Amino acid sequence: MAWRRWEPQTVLLGAAMVASGVLLLVLQWNLTFFQDTWAFLLERQGSSVGDFLRPHNEHLVLLPVAINKLCVTLFGMINPRPEAVVMTVSLCAAAGALFVYVRRRTEAWLGLMAACLVLFLGSTWMIIIWPFEIVFSGGILCAVWMLLALERDDERGDAWACLLLTLSIAFGSVGLCFVPAAALDVFFKRRRRGLRRSYLVAIPALLYLAWFAGWGHTAEHHLTLHNVLLSPQYVFDGLASSIACLLGLATGVNSGLAEIEWGRVLLIAFLAGAVVLKSRRPGFSDRFWLVVSATLAYWVLAAFNYIPGREAYATRYAYVGAFLVIMLAAELLEGLRLGRRGLWVAGALTVLAIGPNLAQLKEGADVLKEQSLLARSAVTGLEISRRTVPPEMPMTPEVTGTLSTVEIVPKLYFEAVDGHGSPAYTPAELAGAPENGRRWADVLLSKALPLSLSSGGGPVGATSLGACVKLAGEGGSGRQEVAVGPGVVRISVAGPPEPLVARRFAQEEFPVQLGSVGGGAAAVLRIPRDNASQPWYLHLQGAQGGTVCR
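Below is a summary of the structure that appears in this document. (Residues numbered from 1 in each chain as written. Predicted model: local features only at pLDDT ≥ 70, side-chain atom pairs only at ≥ 80, totals over all residues. Heavy atoms only, no water.)

Our next topic: the layout of surface pockets. Here the idea is plain: a probe the size of a water molecule rolls over the atoms and shows the empty space left. Computed from the structure, the largest pocket encloses a volume of approximately 1500 Å³. Along its surface, the largest pocket is lined by 50 residues, and Asn57, His59, Arg310, Arg316 and Tyr317 are the ones closest to its centre. If one sorts the elements of the lining of the largest pocket by residue count, helix 16 (residues 286–304) sits on top with 4 residues. Its residues assigned to classes, the lining of the largest pocket comprises 27 nonpolar, 15 polar and 8 charged. One number sums up the size of the second largest pocket: a volume of about 1000 Å³. Around the second largest pocket sit 30 residues that line it, and Leu117, Leu247, Phe270, Ala329 and Leu333 are the ones nearest its centre. Breaking the lining of the second largest pocket down by element, the ones donating at least two residues are helix 6 (108–119), helix 14 (231–246), helix 15 (261–280), helix 17 (315–332) and helix 18 (340–384). Residue classes in the lining of the second largest pocket are distributed as 26 nonpolar, 4 polar and no charged. (1 Å grid on protein atoms, 1.4 Å probe; cavity = no way out; pocket = protein on both sides within 12 Å on 5 of 7 lines; lining within 4 Å. Points joined across faces, edges and corners; volume = space filled by probe spheres on them. Helix = DSSP H or I, 4+ residues; strand = E, 2+ residues; numbered from the N terminus. Nonpolar A, V, L, I, M, F, W, Y, C, P; charged D, E, K, R; others polar.)

Take a look at the structure:
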C-alpha cells in the first residue's frame, strides 16, 4: 500500500502540516516563558524523582516536565523556541492521527478536512501557541493512536495500545479519559479473544494509581456535590463549545472563554441528526461506544473538578473536545462516501470555518505577545535589582501588570538563571522595548530596590546634601523633571503637599507613585544602587514646584 503515500489527500495533508507548523512557529518565535511554564522551570530544577512526579495542580505531568528539562538542558533558558518546535510537531502529529482515524471510517477527503480544522484551530490559541499545553496535544496524540492500535485486533496492537495509553496518561489527565475506552474494547472482544488483554488497561491504571498513592494525593482536588449535580450542564456546554470553536463560530475567545450560543444550537442539531441517521441505519459500532465513553469521561472529570477559571467553555478544553466531536461524527458516518458535489460543499464549509479561526489565532498571538512583553520586562527588573530584591517578593499583577508572572519566585529565578542563562532583556534592550513593558519594569524596580520616600529631611531651604535644582510644577516654565542617580535625594516643596512621581525606562508617563512632599518640611528619597546605569527622573504633580537636592 505504499502508493497511499502519494494520494493527493496525503500530499495536501503534508502541505497543510507544513503551513500550520510554519505559522505557529512564526507566531511563537519572539515569545518568552509565562504562567505555568515558570513553575516547571523554577520549582523542578533538581533531578529527583519528585521533580518529575510531583503533581501540577492535580495532574500527572511526567512527560511535559521531562520535555521541558531536556530542552533547558540542551538549549538553556534563553527562550522557549525548542519547546515550541516540539509542541508544533505534536500538534501536526495529532492532526495526522485524526486524518487516519477519519479516513478509515469514511474517506480520505473528509479525513483531510478534519485534520485541517484542528491544524488551524485558532479559537484554541491558548493551546496551540503555548508549549506548556503539550499536556493536551501530546495526550490526545497518544490516545488517538491508542484507539487505532486497538483496531489491529492482535497482540502487537494490544501491546502498542498499552504503551500509548500509558504515555497519554503521562502527558496529563487527557489519557485518563481513554481508560474507559480501552476497558470497553477488552469487554467487547472478551468472548473472541478472552480477558488476557486486560493488561492493556491494568498496567496504565495501576501505574497511575501508584503515582497517585505516592504523589498525586498531595494535590488539591475540587470534587463537590455541587459540581456533580451541575455536571450534565457542564458536559452539554463543553460539547457546544467544542463545536463552536471547531466551526469558527465561537466569539470572545481573546479572554480564553468563548461565547457559545451558536454551539448550543449546533449541538442540538448534531444530536437530532444522529437520531435521524440511526433511525434509518440502526445500530452502533463498538468503536462508537469507545469514543462516547472517552467523551463523557473527558467532560465529566472536568465538571467534577470545576473551579472558577475552568468553565466548560474555556477554549483550552475545546482542543481535545474538537477531536472527540470529529471522532464521534466519523463513527456515526461510517461508510459514507460523498459525491463530487458533496465534497465541494464540505470543503467550502471547512474553509469558512478555518477563516475565522485564523483571525482568532492572530488575536490570541497578540495577547500572548503582550503577556510575553510584560513577563520579560518583569524578569529584567528582577535582574537589575538583584542586589536588593526580597528573595520571596510576590510577582503579582500589581507589581508586574500581568498574571503571567505569579509563579516566579526571585530566589528560584536567580538559581535557574545562574544554571541555564537568562530570558531577560539587557537594560539597553528594555529601554527600546514597547512602552507598556518599560512602564511595568519601573513599577517593579520601585518595589524591588525599593525606592523609599520619608519625611525628616529638615526645613525647606536647607541644602546640606549638595547641589540643588529647581523643579517646576505642571504648567510651569522651568524644568519639569530632574534626573537622579543612586543615593539620597532631598525634595522640598514650600506649600501644600504635592505628589512626587518617577520614571526610569518609561518615556510617556511617570508610573511610580512615591508619595506626597510639602507642608513646610523636606522629604528624603533613598535610591539603592542596582545593575543598570539609567537614571531615575522625578516630577512633581502640582503647580507650585519645588527643589531637588542631589
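Attention now moves to the nonpolar core. Nonpolar side chains tend to gather and get buried jointly when the protein is soluble and globular. One finds Phe178, Tyr319 and Tyr413 to be the most contacted residues of the largest nonpolar core, which totals 139 residues. The residues touching Tyr413, leaving out its near neighbours within four places in the chain, are Trp38, Leu42, Met77, Val379, Leu382, Glu383, Ile408, Ser422, Pro423 and Ala424. Membership of the second largest hydrophobic core comes to 30 residues, among which are Leu373, Ala441, Leu451 and Leu540. (Core = buried A, V, L, I, M, F, W, Y, C linked by side-chain atoms within 4.5 Å. Buried < 20%, exposed > 50% of the residue type's maximum accessible area, 1.4 Å probe, protein only. Contact = heavy atoms within 4.5 Å.)

So, about the pattern of salt bridges. As enumerated under the stated definition, the model contains 23 salt bridges in all. Of the charged contacts in the structure, one is a salt bridge between Asp51 and Arg54, with a shortest N-O distance of 3.7 Å. The exposure class assigned to Asp51 is buried, which follows from its relative accessible area of 10%. Under the relative-accessibility criterion, Arg54 is labelled partly exposed at 29%. Here Glu331 ties to Arg105 by a salt bridge, and the two come within 2.5 Å at their closest N and O atoms. Here Arg105 lies in helix 5 (residues 81–105) and Glu331 lies in helix 17, a separation of 226 residues in the sequence. The same class applies to Glu331 as to Arg105, namely buried. Salt bridges sharing partners connect three or more residues here, namely Asp153, Asp158, Asp185, Lys189, Arg192, Arg193 and Arg197. (Salt bridge = Lys/Arg side-chain N within 4 Å of Asp/Glu carboxyl O.)

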